Amino acid sequence: MSSMALGSGFGIVVSLPKNASRNSNGRSFWIRGSAVSTPQILETSNVNSKGSAKSVRVGVLGASGYTGAEIVRLLASHPQFCITLMTADRKAGLSFGSVFPHLITQKLPDMIAVKDADFSNVDAVFCCLPHGTTQEIIKGLPNWLKIVDLSADFRLQNLNEYEEWYGQLHKAPELQKEVIYGLTEVWREEIQNARLVANPGCYPTSVQLPLVPLIKAHLIELKNIIIDAKSGVSGAGRGAKEANLYTEISEGIHAYGITKHRHVPEIEQGLSDASGSNVTVSFTPHLMPMSRGMQSTIYVEMSSGVTHVDLYQHLLSSYEHEEFVRVLDKGVVPHTRNVRGSNYCYMNVFPDRIPGRAIIISVIDNLVKGASGQALQNLNLMLGYPENLGLQHQPLFP
């Protein structure tokens, strides 16, 4: 398709999505092991390091949720992006600092209802709205906007699967055809040319990053994949729910969505894309009494003649040049506390006591690499910027 400029403030030209390579299921796939990784001076004002105005005007739809707040926190140190529009229907008319006092130092527009939003002063949008509400809103947005959608509304390529798992008809099937799935380290080239990116879910991110390279290399069997995943309570959203009250969550582990969690088809879609055939997994998520963090412990059966060392070496070589995915030294156990507040994914491989099987542990911050951080990584790519801009925060410990 033809290229188009994105607003008068840009000095770059980007293209609409190109046709991707497709497997036997009609799904496109891309595997690559390198990242744009250029250190940048971080700025907190609406002026970049050269003294000129930041060039990309960003809207945040659904800014009053946790992912919206993380977008704002990350953009505070982005040298090129500034926020010109914020919506939050239930918080319309309020300042952002009154809703999230930890970000009171940021100069931001007041939040308004999405129906009152004027996009004439916006070049790109982060859509942080609840699942089921996003399709109609994005369908009505101007077509010059670059959009990263953090909801699940565009993640599933099969519209019948979407209806089955989310209990409603897809309201923008014509848009689904142009959507690129935003697992950055896997779909980098397609993301660079996309207009609309479906940001992955947190669990699927933590699972696909270690498994996709291993499946592509035929190092593990496609059967008997077991995923035991655990998330901080922020993964359940900011809405008031009885099940998420302190007394319900604290001092215990809460399994939920057993065999029915909506991230199951997304995980299986990504692994099926990598293999070229259908993959079914056993996936059980748990809420943990912590605010943020996610660990996926994955049990796999290795292909004939393959050892856990082979898995380790392949992951090490696959992610050697990636800034945000790190394979730890042999024997080092990944811990969620070591990625808190960052866009990193740490992983490692261990031998199982059962012959022929291995254990993979992958950890991320569910609000950063599992949501807002990966969304910013994607928008950087879509607009031709180094993908680490605004994302060089080191993990926060203790």
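Being a predicted model, the structure only gives us computed values, none of them experimental.

## Comments concerning the overall build of the protein
Thinking step 1. Looking only at helices and strands, the protein features 11 helices and 15 strands.
Thinking step 2. A burial count over the protein gives 55% of its 398 residues as buried.
Thinking step 3. A sequence separation of at least 24 residues applies to 71% of the contacts in the protein between residues at least 6 apart.
Thinking step 4. As presented, the protein carries roughly 16,900 Å² of accessible surface, and 52% of it is formed by carbon and sulfur atoms.

## Considerations on helix α11 (residues 368-382)
Thinking step 1. With 15 residues, α11 extends just 18 Å between its outermost C-alpha atoms, more than 12% less than the 21 Å of an ideal straight helix rising 1.5 Å per residue.
Thinking step 2. Q374 marks where α11 bends most, by close to 40 degrees.
Thinking step 3. The buried count for α11 comes to 15 of 15 residues, which makes it a mostly enclosed element.
Thinking step 4. Positive phi appears at G384, one or two residues downstream of α11, with a value of about 85 degrees.

## Thoughts on the environment of Y166
Thinking step 1. If you trace the backbone, Y166 turns up in helix α4 (residues 159-166).
Thinking step 2. Y166 sits in the buried class, given a relative accessible area of 9%.
Thinking step 3. With 35 residues separating them in the primary sequence, Y166 and H131 have C-alpha atoms 8.7 Å apart.
Thinking step 4. Ignoring sequence-local partners within four residues, the contact set of Y166 consists of A152, L156 and R262.

## Describing the side chain of S342
Thinking step 1. When you line up the elements, S342 lands in the loop between β13 (325-327) and β14 (345-351).
Thinking step 2. The exposure class assigned to S342 is buried, which follows from its relative accessible area of 0%.
Thinking step 3. One polar contact links the side chain of S342 to the main-chain amide nitrogen of Y344, over a distance of 3.3 Å.
Thinking step 4. When neighbours within four sequence positions are excluded, S342 is seen to be in contact with D365, V368, K369, H393, Q394 and P395.

## A word on the UniProt feature "active site" (unreviewed entry) in the protein
Thinking step 1. Mapped onto this numbering, the UniProt entry annotates "active site" (unreviewed entry) at C202.
Thinking step 2. Mapped onto the fold, C202 is located in helix α7 (residues 202-216).
Thinking step 3. For C202, a relative accessible area of 13% translates into the label buried.

## Overview of the sheet that holds strand β3 (residues 56-61)
Thinking step 1. Across the sheet, which stays open at both edges, the 6 strands sit in the order β4-β3-β5-β6-β8-β7 with parallel pairing between neighbours. The open sheet has two free edges, formed respectively by β4 (81-87) and β7 (180-181), since each of these has just one partner strand.
Thinking step 2. Of the pairings in the sheet, the one linking β3 to strand β5 (residues 124-127) comprises 4 bridges and is parallel in character. Residue pairing for β5: G59 is matched across the bridge by V125.

## Considerations on the pattern of salt bridges
Thinking step 1. Within this structure, the stated rule accounts for 11 salt bridges.
Thinking step 2. Between R73 and E70 there is a salt bridge whose closest N-O contact spans 2.9 Å. Placement of both R73 and E70 in helix α1 (residues 66-75) is noted, with a separation of 3 residues, approximately one turn of the helix.
Thinking step 3. Take E70: its relative accessible area is 4%, and that puts it in the buried class.
Thinking step 4. Across the pair E322 and R188 runs a salt bridge, and its minimum N-O distance is 2.9 Å. You can see E322 sitting in the loop between α10 (308-318) and β13 and its partner R188 sitting in helix α6 (residues 184-192), a full 134 residues away along the chain. In this structure, E322 and R188 share a single accessibility class: buried.

## What to know about the pairing of β3
Thinking step 1. The element β3 is extensively covered by neighbouring structure, given that 5 of its 6 residues are classed as buried.
Thinking step 2. Note that β3 and β4 share 6 bridges and pair parallel. By the bridge assignment, L61 is partnered in β4 with T87.
Thinking step 3. This β-α-β element, β3 to α1 to β4, shows right-handed connectivity.

## Here's the deal with unusual backbone geometry
For residues other than glycine, phi is negative in most cases, and the peptide bonds are mostly trans.
Thinking step 1. That bond from F397 to P398 is cis: its omega, 0 degrees, falls within 30 degrees of zero.
Thinking step 2. If you check the backbone angles, N224 has positive phi at about 60 degrees while not being a glycine.
Thinking step 3. Checked against the element boundaries, N224 lands in the loop between α7 and β9 (225-232).
Thinking step 4. The class for N224 is partly exposed, based on a relative accessible area of 44%.
Thinking step 5. One non-glycine residue, E251, lies in positive phi territory at about 60 degrees.

About the cut-offs
- Residues numbered from 1 in each chain as written.
- Predicted model: local features only at pLDDT ≥ 70, side-chain atom pairs only at ≥ 80, totals over all residues.
- Heavy atoms only, no water.
- Helix = DSSP H or I, 4+ residues; strand = E, 2+ residues; numbered from the N terminus.
- Buried < 20%, exposed > 50% of the residue type's maximum accessible area, 1.4 Å probe, protein only.
- Contact = heavy atoms within 4.5 Å.
- Areas by Shrake-Rupley, 256 points an atom, 1.4 Å probe, with all protein chains shown as cover.
- Expected span 1.5 Å × (residues − 1).
- Bend = angle between axes of the 7 residues up to and from the residue.
- Polar contact = N/O pair within 3.5 Å; in protein donor to acceptor, adjacent residues only side chain to side chain.
- UniProt positions renumbered as here; feature names shortened; annotations may be inferred.
- Pairing = 2+ DSSP bridges.
- Salt bridge = Lys/Arg side-chain N within 4 Å of Asp/Glu carboxyl O.
- Right-handed = clockwise from strand over helix to strand, strands pointing away.

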